[in-house]
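Report on the structure
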Amino acid sequence: YYFIQQDGSKFKVLFKYNPYFYIATDEGLEREVESVLRRKFADQLADVVHKDMWDLDLPNHLAGHKRKLLQLKFRNVKDLIE
């Protein structure tokens, strides 16, 4: 993809990047939360992905226990901020 900056110079982007962030839900409610988010933010969300990640806030995080998180991906930064 090629873009033009405000000063008129051009730059090239080699890959498309979807901005994202993670949210934690109560254990076992991941699918329900995903369903509600997809319905409520259908215009802004590009995808919702389930991820198993280490949660450093857990009291036993050094034992290697993982937590299910939802990765919310957006089409652009504007959709993420709104």
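Anything mentioned here points back to the structure above.
Rules and cut-offs
- Residues numbered from 1 in each chain as written.
- Predicted model: local features only at pLDDT ≥ 70, side-chain atom pairs only at ≥ 80, totals over all residues.
- Heavy atoms only, no water.
- Helix = DSSP H or I, 4+ residues; strand = E, 2+ residues; numbered from the N terminus.
- Pairing = 2+ DSSP bridges.
- Axes fitted to C-alpha atoms, helices over the stretch in contact; angles between N-to-C directions.
- Contact = heavy atoms within 4.5 Å.
- Core = buried A, V, L, I, M, F, W, Y, C linked by side-chain atoms within 4.5 Å.
- Buried < 20%, exposed > 50% of the residue type's maximum accessible area, 1.4 Å probe, protein only.

1. Brief notes about the environment of Phe41
Within the fold, Phe41 resides in the loop between helix 1 (30–40) and strand 4 (45–54). As for Phe41 and Ile81, which are separated by 40 residues in sequence, their C-alpha atoms are 12 Å apart.

2. Some thoughts on the sheet that holds strand 5 (residues 66–74)
Overall, antiparallel pairing links the three strands, which are arranged 3-5-4 in an open sheet. Whereas interior strands pair on both sides, the edge strands pair on one side only; in this sheet they are strand 3 (20–24) and strand 4. Averaged over all neighbouring strand pairs, the angle between strand axes comes to 30°, with direction disregarded. Pairing geometry for strand 4 and strand 5, over nine bridges, is antiparallel. Within the sheet, the bridge partner assigned to Asp47 lies in strand 5 and is Lys73. Set on the sheet, helix 1 makes contact with strand 3, strand 4 and strand 5; between it and strand 4 the angle comes to about 155°.

3. So, the nonpolar core
Considering soluble globular proteins, one finds that nonpolar side chains tend to be buried as a cluster. Judged by nonpolar contacts, Leu37, Leu45, Val48, Leu70, Leu72 and Phe74 together constitute the single largest core of six residues. When residues of this core are traced back to their parent elements, those giving at least two are strand 4 and strand 5. Ignoring anything within four residues of it in the chain, the contact list for Phe74 reads Asn18, Pro19, Phe21, Gln44, Leu45, Ala46, Asp79 and Leu80.

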